[in-house]
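In case you want the letters, here they are:
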Amino acid sequence: MAELVRAPAALSVIGDSLAGLAAARASTPTPLRARHALLPVASACLYLGGMALNDYADQFVDATERPERPIPSGRVTPRGALAVGTALTAGGVAAAGLAGGWRALGVAVPLAACVWTYDLAAKDHPSGPFVMAACRGLDVLLGATPGRLRPALPAAAGLAAHTLGVTVLSRGEVHGTTTPVAAGVAAGTVAGAVVAAATAPSARWTTVAAAGAYAAACLPAQVRAAARPTAANARSATRSGIQAMVPLQATWAARSGSLGTTALLAGVAAVGYGLRLLGRARGRAGVSIT
């Protein structure tokens, strides 16, 4: 089941709610409660549930294009994948409700709806990248529900814009992307890093360092995909874009002046790097969002 939901990929999503919470608390100091720790748990459950639903929806395509995946290989049944996706979605919404009551549910329910819409209907539609971007933006706002949502809107927009680019690139993982697409995504990465760093009201050096780490994590692969828009380079750029989520979350946390959250996310990035090294040693490829 860990392979079905791409369990290590959850590290790329828990920082969404942390960045949203940091933004909300920077504007209006909000007392932290033990139950607020469930917000990243809710994010992770919804994300992992989406991964299971992704494989359920793609079972026939994967039988031809990715036969090594859990369902076409026979390691997981389609019904089992659907059950896992449903259970994790329900668990994520429940965790959000326990963390923030009706206010958090008001964000978690639309977020869950976007996840299901993307996996079951919008993925191959032109609206797909925008639906996926909405998932990330709502996930950031979920973290801000203990306080005011408005201060978290810039962070939500930054993560959503990055997700839009990564999702567009992911559509070229099998047959290749195009130079204009990859170059546009690379330009978006530069713009996102500059905007986050240049508009930081406090802890500027930390924000600049995190923004630099974000650009370094994904820009080289995007530039290679623009130079040679092959399927292999599109897959590499997609993986790098997913891995860059954590430093981007750290950038927005630093921009809010939350050095503790920034340090925590730096640790998450280090753990993710270690897991990737371990995966390579075992001969496993990186994760995909398609």
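Reading guide: rules and limits
- Residues numbered from 1 in each chain as written.
- Predicted model: local features only at pLDDT ≥ 70, side-chain atom pairs only at ≥ 80, totals over all residues.
- Heavy atoms only, no water.
- Helix = DSSP H or I, 4+ residues; strand = E, 2+ residues; numbered from the N terminus.
- Rg over C-alpha atoms; globule rule 2.2 N^0.38 Å.
- Buried < 20%, exposed > 50% of the residue type's maximum accessible area, 1.4 Å probe, protein only.
- Contact = heavy atoms within 4.5 Å.
- Lys, Arg positive; Asp, Glu negative; His and termini not counted.
- Charge placed at Lys NZ, Arg CZ, Asp CG, Glu CD.
- Axes fitted to C-alpha atoms, helices over the stretch in contact; angles between N-to-C directions.
- Parallel < 35°, antiparallel > 145°, perpendicular 65-115°, else oblique.
- Left-handed = near helix turned anticlockwise from the far one by under 90°.
- Nonpolar A, V, L, I, M, F, W, Y, C, P; charged D, E, K, R; others polar.
- Expected span 1.5 Å × (residues − 1).
- Patch = residues over 30% accessible without salt bridge, like charges linked within 9 Å, V, L, I, M, F, W, Y side chains within 5 Å.
- Areas by Shrake-Rupley, 256 points an atom, 1.4 Å probe, with all protein chains shown as cover.
- Salt bridge = Lys/Arg side-chain N within 4 Å of Asp/Glu carboxyl O.

## Focus: the overall build of the chain
Each helix and strand in the chain was counted, giving 11 helices and zero strands. Mapped from its N terminus to its C terminus, the chain presents α and β elements in the order α-α-α-α-α-α-α-α-α-α-α. The C-alpha atoms of the chain give a radius of gyration of 18 Å, which matches the 19 Å a tight globule of 290 residues would have. In the chain, buried positions account for 51% of the 290 residues. The long-range share in the chain, meaning contacts at least 24 apart out of those at least 6 apart in sequence, stands at 77%. Between the averaged position of the 24 positive side-chain charges in the chain and that of its 11 negative side-chain charges there is a distance of 12 Å.

## Concerning the packing of helix 2 (residues 38–57) against helix 4 (residues 78–122)
Running from N to C, helix 2 and helix 4 cross one another at 155 degrees; their axes reach a closest spacing of 5 Å. Our classification of the angle between helix 2 and helix 4 gives roughly antiparallel. Of the two elements, helix 2 crosses helix 4, and the hand of that crossing is left-handed. In terms of residue class, the contact of helix 2 with helix 4 is made up of 25 nonpolar, seven polar and one charged.

## Section: the environment of Ala 237
If you trace the backbone, Ala 237 turns up in helix 9 (residues 231–243). Expressed as a C-alpha distance, the spacing of Ala 237 and Gly 91, which sit 146 residues apart in the sequence, is 31 Å. Once residues lying within four places of it in the same chain are set aside, the contact partners of Ala 237 are Leu 169, Ala 221, Gln 222 and Ala 225.

## Notes on the environment of Ala 112
One can find Ala 112 in helix 4. A sequence separation of 69 residues divides Ala 112 from Ser 43, and the C-alpha atoms of the two residues are 9.8 Å apart. Ignoring anything within four residues of it in the chain, the contact list for Ala 112 reads Leu 46, Thr 89 and Val 93.

## Some words on helix 5 (residues 128–143)
Residues spaced three or four apart along an α-helix face the same direction, because each turn holds 3.6 residues. The terminal C-alpha atoms of helix 5 lie 24 Å apart, and with 16 residues this matches the ideal 22 Å at 1.5 Å per residue to within 8%. Counting buried residues in helix 5 gives 14 out of 16 residues, a clear majority hidden from the surface.

## Notes on a nonpolar patch on the surface
Taken together, the side chains of Val 271, Leu 275 and Leu 278 present a nonpolar region at the surface, about 230 Å² in accessible area. For Val 271, the location among the structural elements is in helix 11 (residues 259–281).

## Examining the environment of Gly 188
Note that Gly 188 resides in helix 7 (residues 179–198). Residue Gly 188 is classed as partly exposed on the basis of its relative accessible area, which comes to 38%. Gly 188 sits 43 residues away from Thr 145 along the chain, and the two C-alpha atoms are 28 Å apart.

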